[in-house]
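Residues per chain are reported as follows:
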Amino acid sequence: MTVDYEMLAQTLRALTEGETDQVALMATLACEIHHSDARFDWTGFYRVTEPGLMKIGPYQGGHGCLVIPFSRGVCGAAARTAQTQIVADVEAFEGHIACSSSTRSELVIPVRDATGLVIGVLDIDSDRPNAFTTADARALEAILAEIFGHDPAT
């Protein structure tokens, strides 16, 4: 099954219209994104709670790591650099944090608020190697930008 990102974006627009609470938005996105594709084994957010540190936010799937510093793992790299990370093989990513032994590949996208500040990351894990494409990343980046109010041109 491949995600129909246009349909997913329309669904998320309808579900989140008028909502401004970041945690409520994250919960809705985690649920809808997780159930949109069989490749997505764990889908959730890590929220920036203090400088250089994220804590687990709304998610779907098994247990996740509770705390991730910017200095560690794929999520930390995405938050630290404010750049999307596509990791085809997590075993080959130096410093990967194994929150789940079943994870084989990962897609992590920074989440920015309307001012452009990174407020967290969207983390999607797959139990399949090389599960994510640049097209997945771009479509999800656009959804996050729309929902959280960040214009990527700024």
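For the structure, check the block above.
Definitions and limits used
- Residues numbered from 1 in each chain as written.
- Predicted model: local features only at pLDDT ≥ 70, side-chain atom pairs only at ≥ 80, totals over all residues.
- Heavy atoms only, no water.
- Helix = DSSP H or I, 4+ residues; strand = E, 2+ residues; numbered from the N terminus.
- Rg over C-alpha atoms; globule rule 2.2 N^0.38 Å.
- Contact = heavy atoms within 4.5 Å.
- Lys, Arg positive; Asp, Glu negative; His and termini not counted.
- Charge placed at Lys NZ, Arg CZ, Asp CG, Glu CD.
- Salt bridge = Lys/Arg side-chain N within 4 Å of Asp/Glu carboxyl O.
- Pairing = 2+ DSSP bridges.
- Axes fitted to C-alpha atoms, helices over the stretch in contact; angles between N-to-C directions.
- Expected span 1.5 Å × (residues − 1).
- Buried < 20%, exposed > 50% of the residue type's maximum accessible area, 1.4 Å probe, protein only.
- Arc of directions from axis to C-beta.
- Parallel < 35°, antiparallel > 145°, perpendicular 65-115°, else oblique.
- Left-handed = near helix turned anticlockwise from the far one by under 90°.
- Nonpolar A, V, L, I, M, F, W, Y, C, P; charged D, E, K, R; others polar.

Enquirer: Even after reading the chapter, I still don't get the overall build of the chain, so can you show me in this structure?
Expert: Counting its regular elements, the chain contains 4 helices and 6 strands. Along the chain direction, N to C, the helices and strands of the chain fall in the order α-α-β-β-β-α-β-β-β-α. Taken over the C-alpha trace, the chain has a radius of gyration of 14 Å; the compact-globule value for 154 residues is 15 Å, and the two agree within 12%. Along the first, second and third principal axes, the C-alpha atoms of the chain reach 40 × 40 × 30 Å. Taking the intrachain contacts of the chain between residues at least 6 apart in sequence as the baseline, contacts between residues at least 24 apart amount to 51%. Here the chain contributes 10 positively and 21 negatively charged side chains, and the mean placements of these two sets differ by 5 Å.

Enquirer: Explain the pattern of salt bridges to me, please; I cannot follow it from the model alone.
Expert: Note that side chains of opposite charge can pair when their charged atoms are close. For the structure shown, the criterion picks out 4 salt bridges. Glu 146 serves as the salt-bridge partner of Arg 13, at 2.5 Å between the closest nitrogen and oxygen. Highlighted residues: Arg 13 in helix α1 (residues 5-16) and Glu 146 in helix α4 (residues 134-148), separated in sequence by 133 residues. Put simply, Asp 136 and Arg 39 hold a salt bridge, and the shortest N to O gap is 2.8 Å. Taken as a pair, Asp 136 in helix α4 and Arg 39 in the loop between α2 (22-34) and β1 (42-50) lie far apart in primary sequence, 97 residues in all. Because the salt bridges share partners, they merge into one network encompassing Asp 37, Arg 39 and Asp 136.

Enquirer: Just checking my understanding: could you explain the sheet that holds β1 for this structure?
Expert: Neighbouring strands of a sheet are bound in pairs by backbone hydrogen bonds; such pairs are parallel or else antiparallel. Judged by pairing direction, the sheet is antiparallel, and its 6 strands sit side by side in the order β3-β2-β1-β6-β5-β4 without closing on themselves. Looking at which strands have only one partner, the edges of the open sheet turn out to be β3 (67-69) and β4 (85-87). Neighbour-to-neighbour, the strand axes of the sheet open up by a mean angle of 25°, direction not taken into account. Across 6 bridges, the pairing between β1 and strand β2 (residues 53-60) is antiparallel.

Enquirer: Please explain α2 as it appears in this structure.
Expert: One full turn of an α-helix is made of 3.6 residues, so residues set three or four places apart face in the same direction. With 13 residues, α2 extends 18 Å from end C-alpha to end C-alpha; this agrees with the ideal 18 Å at 1.5 Å per step. For α2, the set of buried residues is Leu 25, Met 26, Leu 29, Ala 30, Ile 33 and His 34. Take α2 and look down its axis: the buried residues cluster within an arc of 140°, on one side only. Those residues of α2 that are buried are in contact with α1, β1, β2, β6 (118-126) and α4.

Enquirer: Would you mind showing me how to read unusual backbone geometry here?
Expert: Working note: non-glycine residues mostly have negative phi, and peptide bonds are mostly trans. Of note in this structure, Ala 82 is not a glycine but carries a positive phi near 60°. With respect to the helices and strands, the residue Ala 82 is situated in the loop between α3 (73-81) and β4. Of the residues examined, Ala 82 reaches a relative accessible area of 27% and is grouped as partly exposed. Look at Asn 130: it is not a glycine, yet its phi comes out positive at around 50°. Mapped onto the elements, Asn 130 comes out in the loop between β6 and α4.

Enquirer: Whenever I open this one, the packing of α1 against α4 confuses me. Can you help?
Expert: Each packed pair of helices is defined by two parameters, the angle between the axes and the distance between the axes. Running from N to C, α1 and α4 point in directions that differ by 15°, and their axes come no closer than 11 Å. It follows from the interaxial angle that α1 and α4 lie roughly parallel. In the packing of α1 onto α4, the handedness of the crossing is right-handed. Contact with α1, carried on its side by Tyr 5, Leu 8, Ala 9, Leu 12, Arg 13 and Thr 16, involves Asp 136, Ala 139, Leu 140, Ile 143, Glu 146 and Ile 147 of α4 and no other residues of that element. Taken together, the residues that form the contact of α1 with α4 break down as 8 nonpolar, 1 polar and 3 charged.

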